[in-house]
Amino acid sequence: MRIQIIKYMIIILLVYGNTLTSYSQASETKRFDSTLIKNVLPNGLTYYIKHLPEAGNNITMQFFLNAGNRVETNEQPDVSHAIEHLAFRTTKNFPLGISNYSNLLKEAGMGGAGIDIQAFSGQRGTKYIFNTKPDSSGVDLGLLWFYDILGGLSLTDRDIDIERRTLIQEREGKMNMKARSKSNIDSKLSSKFFPCMNDLGESYIDQINNFDPDNLRKYYEDWYQPKNVAIAIIGNIPDVEGLQDKIMKRFSRFRNKKGAKNVPDCFSEYFSRPNQFEIIERKRDTTIHFANNNLEVKFFYRDSLIRSSKELQAAKRQVLWEMANEVLEDHLQPLTQSYSSNFKLGVRNTFKYERKPAATSISIEAEPKDLEYSITEVFSKINELQTYGLLPDKWEELKLNHLHNLEKANKIKKETPNLWIDDIERNFWQKEPLTPQKHSLLKAWMEQLELQDFNTFMDNYFGKVPRDIAIIKPEHSTWKVSEDDFRSLIHRNSVKPVLIEKTFTPEHLLSEKEVNKLKPKSISFLGENYKGSKEFLLQNGIRVVLLEDKNYKEKVSVWGFDSIGTANITNTNLYSVAKSPDIIKHAGIGNYNKFEVDRLLKSKNAEIQISPYIENKESGIKGQADLQNTELLFQMIYLYFTAPRKDKAAFKHWKRKELEIFLHPPSYSLHPKDFQNSIKNYFGKSKGDFWGGTYHFNGTREATYEGAFNAYQTIFSDFGNYTFIIRGGDEEALLPQIKKYLGNLNSQKVRTDKINHTVEKKEFPTGPQKVKLKPSEYYERDQVFYAINFTEKIESYDWKKHLMLKLLSALIWEMAMKFSSEEGIAAYYVYNGSEFDRNLSYFSAQLFFECFKDEVNVIQMASKELFKKIKEGNIKQGPFDKALNRIIRLYGKNGIKNDREKDLYDFFRHGITSGTSDEKEKFLHNLNKDDLHKFAKSFLREDHMFEFEM
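Just so we're clear, the structure is a prediction, and the values are computed from it rather than from any experiment.

Turning to the overall build of the chain, a few remarks are in order. Counting its regular elements, the chain contains 35 helices and 24 strands. Along the longest, intermediate and shortest principal axes, the C-alpha atoms of the chain span 85 × 80 × 60 Å. Going through the 950 residues of the chain one by one, you find that 57% of them count as buried. With 137 positive and 128 negative side-chain charges, the chain shows a separation of 1 Å between the mean positions of the two kinds.

Next comes the structure, spelled out in structure tokens:
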């Protein structure tokens, strides 16, 4: 009843709220690009409106606050971030939190928090996002939420205390092996080099746990002022004047606090600072069982001219700056493209990626004995670039790429709200002028830009010793250096005579003679097959399945597979077999190493991705290429099978690389990966199948050079049972390449005692079970992982049951997301998932939390109560509809998860059939709560339940 009353109150506010207060006409009105409106209300609040008819049924609404971490005092640690979270909790017009009004969001055609409602905070400010539809009440709902953000956040002690824990969970969840140490160092360095930045690193948890709630409220009172706020609404807006009227009526009522502070200009202060030199000690992270004894040096080239009030000047400078950074990174890259490279190198744009004052950051990490050599190499290479400039062929390539990007941006801007949002952000936060037809003007300017002008810019920018230098060394290290000696080393290598060093780039993978030797083999058409595919048979026994796809006209994907895997190899250790494709890929193919192959692909602008793989019960190769480079893709497939490189230096380099990835994974979070891998291993997944995490790292340590190469040759030497699914492209153009390259894959004789065709079957566990999983031996954590899995062994696959499982999993997540508000727990990381394991033949649904130790019992009881409600049929319509709509978006007729290539793989590899997209759409639309309740009763059984904790 309470929720219904609140809902009706909100509807009244949405409909009648605009008449509650009088307002004054805006003092400044401007139009850009004909229909981009910028308005500044008398109270200083800025709003932007851009009508984009081509944006379809979409409107993005964004609320910008021009105050972030940079205005926090020492007593306000990360409170801007906490307030960003608190906007989703109790507010004046949404006392249950905006995310919990699922019926209102559904009526507005929205997906809810994390989908259409998001927020981000950082150094410059905070941004709140509300994506809605034009033909709904969504715009009014978004304005009402923005109204609350500006002046209606409740900021109760209870909510603040929950968000303390949420902030800690969010940070700790991102802390991979080296991430905490890196984060602490970055925080310390930034506080020393850049104005308005506090050091929160090592004491973050203590500071978050102990700040006074009144200091957070004071930040809100001081900085959430209309003069610091902008609202942008971009998209298909049917009534622009009516929208302006709503904004002015609703937001003109706000008044700036008397004596309100002005946001400091931290960027200008940075550029006026003298040169900076700091040596920072890196404390040992005792939770990590690896010591990092390397030295790291960071060099900063400042660029104060990137900020300009002149129309288009800032945009031109930013393009030049990004091009210069791209050239520098490309020019330095060969220094680390060697298996004997003994240092790591990075180039970063602080302005674009870190929201700091504009600078190019160069970082070098090396052992103390190698540091001077590394610095000499880097600055000699920069000196080479300064002395000879960018060469004409490289310039033409660079210029063409950027002209293409500008032309593309200009074309899609009329239908892409986010490109307008980027311009608005720079205008509001950086005072960069809004320029009509910006991308067209930039394109015209770039067409006239000469190589000499660009080289002059490069020389002026990189021609001096970097202004700011930071050295990070391990605590207790005896390594010493003076600033004068260090700058002198850089200067000497920046001015000494240098010669152009040319890096070898192959012109081709196979010579013309080698290609001509490969005579096309015969191929037989077997007829049309599953889901409109065409099946062929090469004379060497390889089956080829072609799939025409209108969405794949400009690219081609290839997936070849066989049923031989690690389980079939009897006399080589598991990890040597499982990791062998990655080891071979790192070594290269044919006559060229990995780096030479990469340079060849880059020289041809070839967008090729390719990876051989070996799993427990399968091996194969996956590849994808742009249409123009399809033949190059087939050549690479041919060489991965017939000419893998054996290189001991590459093997050792691969091991070093894998250690670094384990310590600081670039694409996943280590700790949940370990938890999930342990659960899958419990149900029978082979340790050799895991990529990422402790299992994978241990595998890389145990893999041997000879064992890996021999296993690879053994598995990838018999093609008689191979199937290749080829998607996209044109059949007439593909068949000659198939006959030439796949047709010449001839099986080689291998010792039959190496392959065991009988694979041992393991007994599948039955529930209920409570399992304590062993954590990694390489690190310690205060946070706990807890999961409930319902897992059912199946005899045969049913695609309808699979979709029901996905729907059930989506509903579980919708209901679990309320734990934070209903149970008063942080629950920042709440995961759900459903899985069909093809090799082990089971369905699984999971609810998974990363939490504090004192929250485990609460989460455990709440989770069990959630499953009990579902089994009893206590399913509310709102969460059910949200879950169903999400699954329809993913798997319905136009679902982004529909994959005909994967369907063909299931059919030809496992004999599994699934419904058509039309059948799935119809099935999903006919589902109701009773259908899901019936399925849940049969699936959420005690003997299917497994609880895991790590």
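Following the criterion strictly, the structure yields 53 salt bridges and no others. Between K602 and D330 there is a salt bridge, with its nearest N and O atoms 2.3 Å apart. Of this pair, K602 sits in helix α22 (residues 594-603) while D330 sits in helix α11 (residues 313-332), placing them 272 residues apart in sequence. Looking at K602, the relative accessible area reads 43%, which means it is partly exposed. The salt bridge involving E535 is made with R543; its shortest N-O contact spans 3.5 Å. On the basis of relative accessible area, E535 is assigned to the buried category, the value being 11%. Among the charged side chains, a salt-bridge network with shared partners connects K218, D222, K257 and K261.

On the surface, a cluster of negative charge is contributed by E326, E329, D393, E396 and E397. Elements with a contribution of two residues or more to the negative patch: α11 and α14 (392-412). At 3 residues, the largest contribution of residues to the negative patch is made by α14. Mapped onto the secondary structure, E397 falls in helix α14.

Buried within helix α8 (residues 213-223) are the following residues: P213, L216, R217, Y219, Y220, D222 and W223. The inward-facing, buried residues of α8 contact β4 (59-65), α2 (79-86), α4 (138-151) and α5 (157-173). One side-chain oxygen of the residue at the start of α8 lies 2.9 Å from the amide nitrogen of D214, identifying that residue as D212.

Below, the discussion takes up the state of the cysteines. A complete count under the given rule lists 1 disulfide for this structure. Between C196 and C266 runs a disulfide, and the two sulfur atoms are separated by 2.0 Å. Looking down the S-S bond of the C196 and C266 bridge, the torsion is -100°, so its handedness is left-handed. Of this pair, C196 sits in the loop between α6 (179-193) and α7 (204-210) while C266 sits in helix α10 (residues 266-271), and the two are 70 residues apart along the sequence.

Examined against the element boundaries, I471 turns out to sit in strand β12 (residues 468-474). Between the C-alpha atom of I471 and that of I364, which follows or precedes it by 107 residues, the distance is 9.6 Å. Those residues in contact with I471 that sit more than four places away from it in its chain are F277, E278, I279, I280, E296, V297, W479, V481 and F486.

What follows concerns the sheet that holds strand β9 (residues 295-302). Sheets are built from strands that pair by backbone hydrogen bonding, the pairs being arranged parallel or antiparallel. Pairing in this open sheet of 5 strands is mixed, and the strands run β8-β12-β9-β11-β10 from one edge to the other. The sheet is open, and its two edges are formed by β8 (276-282) and β10 (343-349), each paired on a single side. Ignoring which end each strand starts from, the neighbouring axes of this sheet average 15° apart. Bridge count for β8 against β12 is 7 bridges, and the pairing is parallel. Of the residues in β12, the one forming a bridge with E278 is A470.

Glancing now at the environment of R781. The residue R781 is located in the loop between β20 (769-772) and β21 (784-793) in this model. Take R781: its relative accessible area is 18%, and that puts it in the buried class. A C-alpha to C-alpha distance of 9.3 Å links R781 and I288, two positions 493 residues apart in sequence. Ignoring any residue separated from it by four or fewer positions in sequence, one finds R781 in contact with E172, H671 and E850. Of note is the side chain of R781, whose polar atom sits 3.5 Å from the backbone oxygen of E172.

The interhelical angle for the contact between helix α29 (residues 799-816) and helix α35 (residues 929-939), taken along N-to-C directions, is 95°, at an axis separation of 10 Å. As far as their axial angle goes, α35 and α29 are roughly perpendicular. Facing α29, whose interface residues are K801, M804, L805, L807, L808 and L811, α35 presents D931, L932, F935, A936 and F939. Residue composition of the contact of α29 with α35, grouped by class: 9 nonpolar, no polar and 2 charged.

With that out of the way, let us pick up the domain arrangement of the chain. In terms of domain boundaries, the chain breaks down into domain 1 (36-252), domain 2 (266-494), domain 3 (522-744) and domain 4 (769-949). With centres defined by C-alpha atoms, the gap from domain 2 to domain 3 works out at 35 Å. If you look at the interface, domain 2 gives 10 residues, while domain 3 gives 20 residues. Between domain 2 and domain 3, a total of about 1,100 Å² is buried, with carbon and sulfur atoms accounting for 53% of that surface. In terms of surface lost to domain 3, no three residues of domain 2 exceed F290, Q337 and Y339, which account for 67% of the buried area on that side. Between E660 and K344 there is a salt bridge, and its shortest N-O distance comes to 2.9 Å. There are 7 residue pairs in polar contact (both at pLDDT 80 or more) connecting domain 2 and domain 3.

For the rest of this paragraph, the subject is helix α26 (residues 693-702). The periodicity of an α-helix, 3.6 residues per turn, causes residues three or four places apart in sequence to face the same way. The element α26 is extensively covered by neighbouring structure, given that 8 of its 10 residues are classed as buried. Regarding α26, the residues found buried are G693, T694, Y695, H696, F697, N698, G699 and T700. For α26, the elements touching its buried residues are α20 (574-578), α24 (648-663) and α25 (670-682).

Their axes nearest at 10 Å, the elements α2 and α8 cross at an angle of 80°. In this view, α2 runs roughly perpendicular relative to α8, as classed from their interaxial angle. In this structure, α2 contributes V79, S80, A82, I83 and L86 to the contact, and α8 contributes L216, Y219 and Y220. Taken together, the residues that form the contact of α2 with α8 break down as 7 nonpolar, 1 polar and no charged.

Attention now moves to the packing of aromatic side chains. Per the counting criterion, the structure on display carries 71 aromatic pairs. Judged by centre distance (5.9 Å) and plane angle (75°), the rings of F683 and F948 are edge-to-face. With F683 in the loop between α25 and α26 and F948 in strand β24 (residues 945-949), the pair connects residues that are 265 residues apart, well separated along the chain. Each member of the pair, F683 as well as F948, carries the same accessibility label: buried. Judged by centre distance (6.1 Å) and plane angle (10°), the rings of Y829 and Y831 are stacked. Taken together, the ring pairs connect F63, F88, Y128, F130, W145 and F146 into an aromatic cluster. Directly above the ring of F211 sits R164, whose terminal nitrogen or CZ lies 4.3 Å from the centroid. One Lys or Arg, K431, reaches over the ring of F428 and ends 5.4 Å from the middle of that ring.

Going from G767 to P768, the amide bond is cis rather than trans, its omega being -5°. One can find P768 in the loop between α28 (731-742) and β20. Positive phi values are uncommon outside glycine, yet K531 reaches one of about 55°. One non-glycine residue with positive phi stands out, namely S841, at about 55°. Relative to the helices and strands, S841 resides in the loop between β22 (829-837) and β23 (842-851).

About the cut-offs
- Residues numbered from 1 in each chain as written.
- Predicted model: local features only at pLDDT ≥ 70, side-chain atom pairs only at ≥ 80, totals over all residues.
- Heavy atoms only, no water.
- Helix = DSSP H or I, 4+ residues; strand = E, 2+ residues; numbered from the N terminus.
- Buried < 20%, exposed > 50% of the residue type's maximum accessible area, 1.4 Å probe, protein only.
- Lys, Arg positive; Asp, Glu negative; His and termini not counted.
- Charge placed at Lys NZ, Arg CZ, Asp CG, Glu CD.
- Salt bridge = Lys/Arg side-chain N within 4 Å of Asp/Glu carboxyl O.
- Patch = residues over 30% accessible without salt bridge, like charges linked within 9 Å, V, L, I, M, F, W, Y side chains within 5 Å.
- Areas by Shrake-Rupley, 256 points an atom, 1.4 Å probe, with all protein chains shown as cover.
- Contact = heavy atoms within 4.5 Å.
- Polar contact = N/O pair within 3.5 Å; in protein donor to acceptor, adjacent residues only side chain to side chain.
- Disulfide = S-S within 2.5 Å.
- Pairing = 2+ DSSP bridges.
- Axes fitted to C-alpha atoms, helices over the stretch in contact; angles between N-to-C directions.
- Parallel < 35°, antiparallel > 145°, perpendicular 65-115°, else oblique.
- Nonpolar A, V, L, I, M, F, W, Y, C, P; charged D, E, K, R; others polar.
- Domains from an automatic or database assignment.
- Buried area = accessible area lost by both parts, 1.4 Å probe.
- Phe/Tyr/Trp six-rings, centres within 6.5 Å; stacked < 30°, edge-to-face > 60°.
- Lys NZ or Arg CZ within 6 Å of the ring centre and 35° of its normal.

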